[in-house]
Protein chains: 2
Amino acid sequence: MVTQSHQDGFCCADHSGSANVAAILDSAESRARAQGARLTPVRRRTLEILLQSHGALGAYEILDRLNAEGFGSQPPVAYRALNFLVEHGLAHRIRRLNAFTACAHPGHDHRAAFLICETCNSVTEADAVAVSAALGQAAQVAGFQITRATIEAVGQCRACQVTSA
Amino acid sequence: MVTQSHQDGFCCADHSGSANVAAILDSAESRARAQGARLTPVRRRTLEILLQSHGALGAYEILDRLNAEGFGSQPPVAYRALNFLVEHGLAHRIRRLNAFTACAHPGHDHRAAFLICETCNSVTEADAVAVSAALGQAAQVAGFQITRATIEAVGQCRACQVTSA
DNA sequence: TTATCTAATGTTATACCATAACAGTAAAGG
DNA sequence: CCTTTACTGTTATGGTATAACATTAGATAA
Ligand SMILES: [Zn+2]
Ligand SMILES: [Zn+2]
Ligand SMILES: [Zn+2]
Ligand SMILES: [Zn+2]
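All residue numbers refer to positions counted from 1 along the written sequence of the respective chain. Written order decides the labels, with chains lettered from A and ligands numbered from 1. Two thresholds apply to this predicted model, a pLDDT of at least 70 for residue-level local features and 80 or more for giving and counting side-chain atom pairs, whereas whole-chain, interface and lining totals are computed over all residues. Think of the side-chain values as coming from all heavy atoms in the structure, minus any hydrogens and water.

## Considerations on the relation of the copies chain B and chain A
A residue counts toward the fit only if its pLDDT is at least 70 in both copies, and the copies are then superposed by least squares on the C-alpha atoms of those residues. Least-squares fitting of chain B to chain A yields an RMSD of 0.1 Å, with the transformation described by 0.1 Å of translation along the axis and a rotation of 179 degrees. In the structure described here, the two chain copies are related by an operation that fits a two-fold rotation axis. Using C-alpha coordinates, one finds that chain B approaches the rotation axis most closely at Ile151 of chain B, a distance of 2.4 Å. Throughout, a residue-residue contact means that at least one pair of heavy atoms, one from each residue, lies within 4.5 Å. With an isologous cut-off of 70% or more, the 100% of interface residues of chain B that recur at the interface of chain A puts this contact in the isologous class.

## Some remarks on the protein's contact with DNA strand D
If a single non-hydrogen atom of a residue is within 4 Å of a molecule or strand, that residue counts as near it. Contacts to DNA strand D come from 18 residues, most closely from Tyr60 of chain A together with Thr40, Ser73, Gln74 and Arg80 of chain B. Each atom of DNA strand D within 4 Å of the protein was classed as base or backbone; sugar and phosphate made up 54%. Here Tyr60 of chain A contributes a side-chain N or O atom positioned 2.6 Å from a base nitrogen of DNA strand D. Think of a polar contact as two N or O atoms within 3.5 Å of one another; within protein, one of them needs to be a possible hydrogen donor and the other a possible acceptor, and neighboring residues in sequence only count if both atoms come from side chains. For DNA strand D, a phosphate oxygen lies 3.0 Å from a polar atom in the side chain of Tyr79 of chain A. Each helix corresponds to a stretch of at least 4 residues labelled H or I by DSSP, and each strand to a stretch of at least 2 residues labelled E; elements are numbered beginning at the N terminus. Broken down by secondary-structure element, the contributors of at least two residues to the surface near DNA strand D are helix H4 (75-87) of chain A together with helix H2 (41-52) and helix H4 (75-87) of chain B.

## Notes on the coordination of the zinc ion (ligand 4)
All names here are of chain B. For Na, K and Ca the donor cut-off is 3.2 Å; for every other metal, N, O and S atoms count as donors within 2.8 Å. Water does not enter the count, which can leave sites looking incomplete. Donor atoms from the polypeptide that coordinate the zinc ion (ligand 4) comprise Cys117 (SG), Cys120 (SG), Cys157 (SG) and Cys160 (SG), at 2.2 to 2.3 Å from the metal. A four-donor site is called tetrahedral if each angle lies between 85 and 135 degrees; a four-donor site is square planar, and a six-donor site octahedral, when trans pairs exceed 155 degrees and the remaining angles lie between 65 and 115; all other cases are labelled irregular. Each of the four donor atoms around the zinc ion (ligand 4) contributes to a set of angles spanning 104 to 114 degrees, which defines the coordination as tetrahedral. Along the chain, the residues donating to the zinc ion (ligand 4) fall in the pattern C-x2-C-x36-C-x2-C. Of this pair, Cys117 sits in strand E3 (residues 112-117) while Cys160 is found in helix H6 (residues 158-164), placing the two residues 43 residues apart along the sequence. Taken individually, Cys117 and Cys160 each receive the classification buried, so the pair is uniform in this respect. Residue exposure (1.4 Å probe, protein chains only): buried if accessible area is under 20% of the type maximum, exposed if over 50%, otherwise partly exposed.

## Looking at the sheet that holds strand E4 (residues 123-127) of chain B
Should DSSP find at least two bridges between two strands, the strands are taken to pair. Here we have six strands laid out as an open sheet, ordered E4(A)-E3(A)-E5(A)-E5(B)-E3(B)-E4(B), and mixed in their pairing. The open sheet is flanked by strand E4 (123-127) of chain A together with E4 of chain B, the only strands paired with a single partner. Averaged over all pairs of adjacent strands, the angle between strand axes in this sheet comes to 25 degrees, irrespective of strand direction. Here strand E5 (residues 145-156) of chain A pairs with strand E5 (residues 145-156) of chain B via eleven bridges, running antiparallel. Across the sheet, the residue bridging to Glu152 of chain A is Thr150 of chain B, located in E5 of chain B. Angular values range over 0 to 180 degrees, each being the angle between N-to-C directions of two axes fitted as lines to C-alpha atoms, with helices fitted over their stretch in contact. Relative to E5 of chain A, helix H5 (residues 129-141) of chain A is tilted by about 125 degrees, and along the sheet it contacts E4 and E5 of chain A together with E3, E4 and E5 of chain B.

## Digging into H5 of chain A
For a helix, the expected span equals 1.5 Å multiplied by the residue count minus one. Relative to the 18 Å expected for 13 residues at 1.5 Å per residue, H5 of chain A spans 19 Å between its end C-alpha atoms, a close match to the ideal helical length. Inspection of H5 of chain A places Val131, Ser132, Ala134, Leu135, Ala138 and Ala139 of chain A among the buried residues, and these make up the whole buried set. For H5 of chain A, the angular spread of buried residues about the axis comes to 160 degrees, placing them on one side. In H5 of chain A, the exposed positions angled more than 90 degrees off the buried face are occupied by Ala130, Gln140 and Val141 of chain A. On its buried face, H5 of chain A sits against E5 of chain A together with E3, E4, helix H5 (129-141) and E5 of chain B. Positive backbone phi, approximately 70 degrees, marks Gly143 of chain A, located one or two places after H5 of chain A. Taken from the helix axis, the directions to the C-beta atoms give the arc we talk about.

Geometric descriptors of this kind do not, in isolation, establish any biological role.
Below, the structure written as structure tokens:
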């Protein structure tokens, strides 16, 4: 399981309130429709679960919650919803944690890096435009053409540094 | 399984020859001893397998080869050897592939990014000093202190771009 | 509307990745 | 030597992910 204690104001300043969650869901739905995609009940609920959770959740953890609410009980139910969200820029996959997190800036074309606190397990989405540019440079030296990248850092979030200082 | 066809001169310029492999193994052994670590037969052979392979190998793939040569047959045999190599800077874990690759610059303290070709499955280790610096900057904005990072890009290697052009 | 087509959901089954726990063995140090 | 520690091997289990197929719901068009 991917657990974490919540360091308030750290990991989720922009999607913590329930009003915000509803607004994000609605605008996600509009954007999805605009691209000819459907934010169906399982998908919408999956996104909502991610938005309400502080940090990243594993697929099976999400599956449990979905199933408890009457959705299917088997892994593909969760994986399909999660893959949909990732493909539509509504969530990100955190490879180091084998987990998923809601996108902090849905609808914006962006490069993200993820900052994973090994003390409180929070996951912060940081802007990675500069990182991405540097990576593109490094790839170019090797003649490599990048399609997409995974940038994840492990360490300590601000709150946890203070605590252990 | 993690397969890949070999694009000569691309992924493994510096550890392709068998003479080089032997030399790398020996110097790895010296360095290990110097730190009070032992490059035992399984570990040495595991590193050799990684060095000879072009690209990344999964733990079970390595396990098969080790077992075929008289080493143990169970997963921990491979995982322990691989973890040793990673901890001693002789190999890297490629998270996107759930696989491992020999370090291209063992013994040098370095930041690496991995360029994964989705056509030929080759994995190239690129210098990521600048990328790392940019990531450190991005983290600093969030007050995050990085311990270690995973930087992996997926796309097309030089050889495969030419092929498909 | 109703027939048809397509996308989405749900299931079973299976494959793949990784580690805990413990027993036996080999190496290092007194 | 004998003790201690590190390493190897095993069994057993847990966690992650997808293939394949049946069913249902939505969209499309006659
Ligand atoms: Zn995002
Ligand atoms: Zn923290
Ligand atoms: Zn390296
Ligand atoms: Zn290639």
